[in-house]
Amino acid sequence: MLIKRSPNQSAVPFGSEITPQEVYESRRRFIQQMAVGAVAGSALWEMANRKAFAQQTPAQKLAGKANPAYTILDKPTPFKDASGYNNFYEFGLDKSDPAEYAHTLKTRPWTVSIEGEVKQPMTLDIDSLLKLAPLEERIYRLRCVEGWSMVIPWVGYSLSNLIKKVEPNGNAKFVEFTTLADRKQMPGIGSRVLDWPYVEGLRIDEANHPLTLLTLGMYGQTLPNQNGAPVRIVVPWKYGFKSGKSIVKIRFVREQPKTAWNVSAPSEYGFYSNVNPNVDHPRWSQATERRIGEDGFFKAKRKTLMFNGYNEVASMYTGLDLKKYY
Ligand SMILES: Nc1nc2c(c(=O)[nH]1)N[C@H]1C(S)=C(S)[C@@H](COP(=O)(O)O)O[C@H]1N2
Ligand SMILES: [Mo]
């Protein structure tokens, strides 16, 4: 199996079917790219040297009131797996890289600018976001397009609370989320694996769906940096890459946003990316998944559920061909 690459891009992507050899090679390419990139020298050197005693930003308690309406009964993934096995390419391609390197992310002060087709554009800092609506704890399944899933108790509130506050106008048909891209804090930005910054998007009705969570914490604490501190989105019925980490800008727009993974590999990652066991990724099946921290590699995989089990979103897609709009 080949990793797809175009002349301009080296999409070293998600790959449950990537062989160890390919992982090794893509990692080597990534490191080479980092070395030639402007990040280079110091950041890389720092990373290599700090590896042994990487420090996490100390977490602070962040409680949310349990919301049973949005809590699944699956056993939560152990914290050490949820915070140790991550995709956050700004910090490297290996699943262990974000936990090792994301301590360089400075999460305070932090502001999110909300702009575009809204009557009340505004810039909010983390303290304002923490106070904007009552914090809830919701236990969600999150499934990565690579074929693994986790069950995480998130702390946050429906994004719709924020949307209401900025008053979108009639032109606001989509919402675009832009995440931080700062070479000084993020060693992976030197690589060309994606066209930074990482951008994701939702249709306005998807963004307003009560399940879409503006997320500030997990496991009763502020988010670990590797999970997208200080603020991220979690969209549980879509593949994990739709849930952008470390968001700095939320823009309301007329046209469907150009999203990072769709730009990088349009035949593999669409705009919708609803979890769908009936639509295979071009290079692997999406019918089953492995639950991180629970199932061993040799245990039977779980069946992937349509919309990741969140059937209440189905009505947003009636009449939409989900094979075409993957
Ligand atoms: N900014 C940014 N957000 C991101 C990613 C990334 O590389 N950069 N990876 C995505 C992918 S592929 C997944 S599966 C989820 C993983 O979230 P978690 O590590 O908190 O489980 O984050 C998503 N958000
Ligand atoms: Mo993912």
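Data block above holds the structure.
Residues numbered from 1 in each chain as written. Chains lettered and ligands numbered in written order. Predicted model: local features only at pLDDT ≥ 70, side-chain atom pairs only at ≥ 80, totals over all residues. Heavy atoms only, no water.

A. View of the sheet that holds strand 3 (residues 122-125). Taken together, five strands build an open sheet; the order of strands is 3-2-11-6-7 and the sheet is mixed. Pairing within the sheet leaves two strands with one partner each, and these edge strands are strand 3 and strand 7 (199-203). Ignoring which end each strand starts from, the neighbouring axes of this sheet average 20 degrees apart. Across five bridges, strand 6 (residues 174-179) lies against strand 7 in antiparallel orientation. Bridging from a neighbouring strand, phenylalanine 174 pairs with arginine 203 of strand 7. (Pairing = 2+ DSSP bridges. Helix = DSSP H or I, 4+ residues; strand = E, 2+ residues; numbered from the N terminus. Axes fitted to C-alpha atoms, helices over the stretch in contact; angles between N-to-C directions.)

B. Inspection of the packing of aromatic side chains at higher detail. Tallied over the entire structure, the rule returns twelve aromatic pairs. Pairing tryptophan 261 with tyrosine 269 gives two aromatic rings, centres 5.3 Å apart and planes at 70 degrees, and the pair type is edge-to-face. The exposure class of tryptophan 261 is buried, given its relative accessible area of 1%. Owing to a relative accessible area of 1%, tyrosine 269 belongs among the buried residues under this scheme. Centre to centre, the rings of tyrosine 272 and tyrosine 317 are 6.2 Å apart; their planes meet at 90 degrees, and the pair counts as edge-to-face. On the criterion of sequence distance, the pair formed by tyrosine 272 in the loop between helix 8 (260-264) and strand 12 (288-291) and tyrosine 317 in the segment after strand 13 (302-303) is long-range, its members being 45 residues apart. Chaining the aromatic ring pairs together yields one cluster made of Phe174, Phe271, Tyr272, Phe307, Tyr317 and Tyr325. Positioned over the ring face of phenylalanine 271 is lysine 242, at 4.4 Å from the centre of the ring. (Phe/Tyr/Trp six-rings, centres within 6.5 Å; stacked < 30°, edge-to-face > 60°. Buried < 20%, exposed > 50% of the residue type's maximum accessible area, 1.4 Å probe, protein only. Lys NZ or Arg CZ within 6 Å of the ring centre and 35° of its normal.)

C. Empty space enclosed by the protein, seen in detail. For the coordinates displayed, the defined rule picks out one cavity of 30 Å³ or more. There is about 350 Å³ of room inside the largest cavity. If you go around the largest cavity, you meet 25 residues; those closest to its centre are Asn87, Arg232, Gly240, Ser243 and Lys245. For the lining of the largest cavity, the secondary structure elements donating two or more residues are strand 4 (136-143) and strand 5 (148-158). (1 Å grid on protein atoms, 1.4 Å probe; cavity = no way out; pocket = protein on both sides within 12 Å on 5 of 7 lines; lining within 4 Å. Points joined across faces, edges and corners; volume = space filled by probe spheres on them.)

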